[in-house]
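What the coordinates show
Here is how the chains run, residue by residue.
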Amino acid sequence: MRQENIKKALTEAKIYGPDSERYLKQEKSLTRYLEREYKTYLNNPITLESTGVSTVEGPIMDQTEDLMDVHYDETIELFMGFLDTRYRAYTMAYYGTNGDDKISLETAQYQKFRLIAERAQIQGNEKILNIGCGFGSLETYLLQEYPGIEIVGITPSKVQITYLKEKMQDSTHPLSNRFTLIEDVFDEAIVDKLGLAQYDLIISIGVFEQLLNMKLMLELISKLLRTNGRSFHHFITSQVVTPQVKLNEKTVIGKYFPGGRIWPRDEFSRHTEHLDLVNTWFVNGKNYWQTLDEWHHRYWKSIPSLYCDDFNLDAIRHWNEYFLLCKAMFSPLDGTFYGNSHYLFCLKP
Ligand SMILES: C[S@@+](CC[C@H](N)C(=O)[O-])C[C@H]1O[C@@H](n2cnc3c(N)ncnc32)[C@H](O)[C@@H]1O
């Protein structure tokens, strides 16, 4: 389809690009609505118990198969069409304390990994396990920066596995050396594959939004860590408990992430039965707004090539709305309500 015909078809279907007046109006009004909701949550605090969600019962994570089908096993072209070209990171980049430095997505992703390496106290000689490794973004950063690091990544996504295996075969790519891929879900059975007490550091970036049983997760991590081992986690959190802790079709982004949770910031740090908490940090949500805005622009530009064989308006609407909803979610209250939290734990002596 020719460029001008694509434009016409999108406008007729009322699908608007990130710079259009109609889109900006939609985003502004949704942001205003959410800001009012967030203020209600702040002014009328509720407990996690009152939402019926437990952090100590059930499996570590669930609905992983649905999640892969609905989200992570979309086409590789889709993800390559909007992620940064340097790391292919599929989580928030870091644009500075207030999330507004004028830097490229690639530089902001580099800054995110640098911040994480500093907070996780990486020395450069560790054996690291990365739960939910995506397209190997953290691995690519660490293998480039630290010649002494060894890293194992785990993901059940077929699309990510195919991508990673291709890079592992390419001798010019950082993933071709000192990187091991585990094609699996992360649950109790993983101990048989990985062995007890094998890792100096266990990391997850943008994965514990799928976590259900915090107690079981941290117990499992403690079994995999060596003496003096550490564990560092980065995931989306809310300032206070919201009625939508558990994502479902009725919540703004539930249909994109089956089985997801958005935990209140303080919850994870309470689980110190198996590990000691060293520190926690909050990263302002405007960083996610900026990242999503850049992804949205890149996605919009990729539409002609992504859908040249199958001009699928439903798919375009689905992904365009995804960026709209996520952007509106992070921007209210100057990024203080939803953002990412960082948690550093260490093995008990
Ligand atoms: C938002 S992506 C983040 C990817 C990567 N950490 C990054 O920063 O680019 C979430 C990752 O978690 C993985 N994941 C989801 N559920 C999982 C599970 N039960 N076990 C292991 N990995 C899982 C997905 O396959 C994906 O790689």
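Summarised in this report is the structure supplied together with it. Throughout, residues of each chain are indexed from 1 in the direction in which the sequence is written. Note on the predicted model: pLDDT of at least 70 is required for a residue's local features to be given, and 80 or more for side-chain atom pairs to be given and counted; whole-chain, interface and lining totals, by contrast, use all residues. The side-chain figures draw on all heavy atoms in the structure; neither hydrogens nor water molecules are used.

A few words on the site of the ligand. Proximity is defined per residue: any heavy atom of the residue falling within 4 Å of a molecule or strand makes that residue near it. Neighbouring the ligand are 21 residues, the closest being Tyr90, Gly132, Ser137, Gln160 and Ile205. We define a polar contact as two N or O atoms separated by no more than 3.5 Å, with the added condition that, inside protein, one atom must be a possible hydrogen donor and the other a possible acceptor, whereas residues neighbouring each other in sequence contribute only through side-chain atom pairs. Here an oxygen atom of the ligand sits 2.9 Å away from a polar atom, N or O, in the main chain of Tyr90. With the chains in place, 97% of the 590 Å² that the ligand exposes on its own is no longer accessible. Of the pockets mapped on this structure, the ligand occupies the largest pocket. Counting from the N terminus, the helices are the DSSP runs of H or I reaching at least four residues and the strands are the DSSP runs of E reaching at least two. It is helix H3 (residues 64-72) that contributes the most residues to the shell around the ligand, four residues altogether. Each residue gets one label: Ala, Val, Leu, Ile, Met, Phe, Trp, Tyr, Cys and Pro are nonpolar, Asp, Glu, Lys and Arg are charged, and the others, such as Gly, are polar. Tallied by class, residues from the shell around the ligand come to 12 nonpolar, nine polar and no charged. Accessible areas in this description were obtained via Shrake-Rupley with a 1.4 Å probe; residue shielding takes into account the shown protein chains only. As defined here, a cavity is a set of points on a 1 Å grid over the protein atoms alone where a 1.4 Å probe fits but cannot get out. A pocket is an open set with protein on both sides within 12 Å along at least five of seven lines, and residues line them when an atom is within 4 Å of a point. In this description, a molecule resides in a pocket or cavity if more than half of its atoms sit within 2 Å of the grid points defining it.

This part takes up empty space enclosed by the protein. Grid points are joined across faces, edges and corners, and a volume is the space filled by probe spheres set on the points. Throughout the structure, instances matching the rule amount to one cavity of 30 Å³ or more. Its volume calculated, the largest cavity comes out at about 280 Å³. Along the walls of the largest cavity sit 21 residues, with Glu209, Ile236, Phe257, Tyr288 and Tyr322 positioned nearest its centre. Contributions of two or more residues to the lining of the largest cavity are made by helix H10 (286-306) and helix H11 (313-330).

This part takes up helix H1 (residues 3-12). Summary of the burial criterion: residues with accessible area below 20% of their type's maximum are buried, those above 50% are exposed, and those between are partly exposed, where the area comes from a 1.4 Å probe applied to protein chains only. Every buried residue belonging to H1 is among Ile6, Ala9 and Leu10, and all of these are buried. Buried residues along H1 cover an arc of 100° about the axis, so they all sit on one side. Opposite the packed face of H1, turned more than 90 degrees from it, sit the exposed residues Lys7, Lys8 and Glu12. Throughout, a residue-residue contact means that at least one pair of heavy atoms, one from each residue, lies within 4.5 Å. Considering only its buried residues, H1 is in contact with H10 and H11. Where H1 terminates, the next one or two residues include Lys14, which has phi positive at roughly 60°. The arc in question is formed by the directions pointing from the helix axis toward the C-beta atoms.

With that out of the way, let us pick up the layout of surface pockets. Its boundaries defined by the atoms lining it, the largest pocket holds a volume of some 490 Å³. Every residue lining the largest pocket is counted, 33 residues in all, and those nearest its centre are Ile131, Gly132, Cys133, Gly206 and Val207. Sorting the residues of the lining of the largest pocket by element identifies H3, strand S1 (127-131), helix H6 (137-145) and strand S2 (150-155) as the ones contributing at least two each. When residues in the lining of the largest pocket are grouped by element, the largest group, four residues, is from H3. Among the residues forming the lining of the largest pocket, the class breakdown is 19 nonpolar, 11 polar and three charged.

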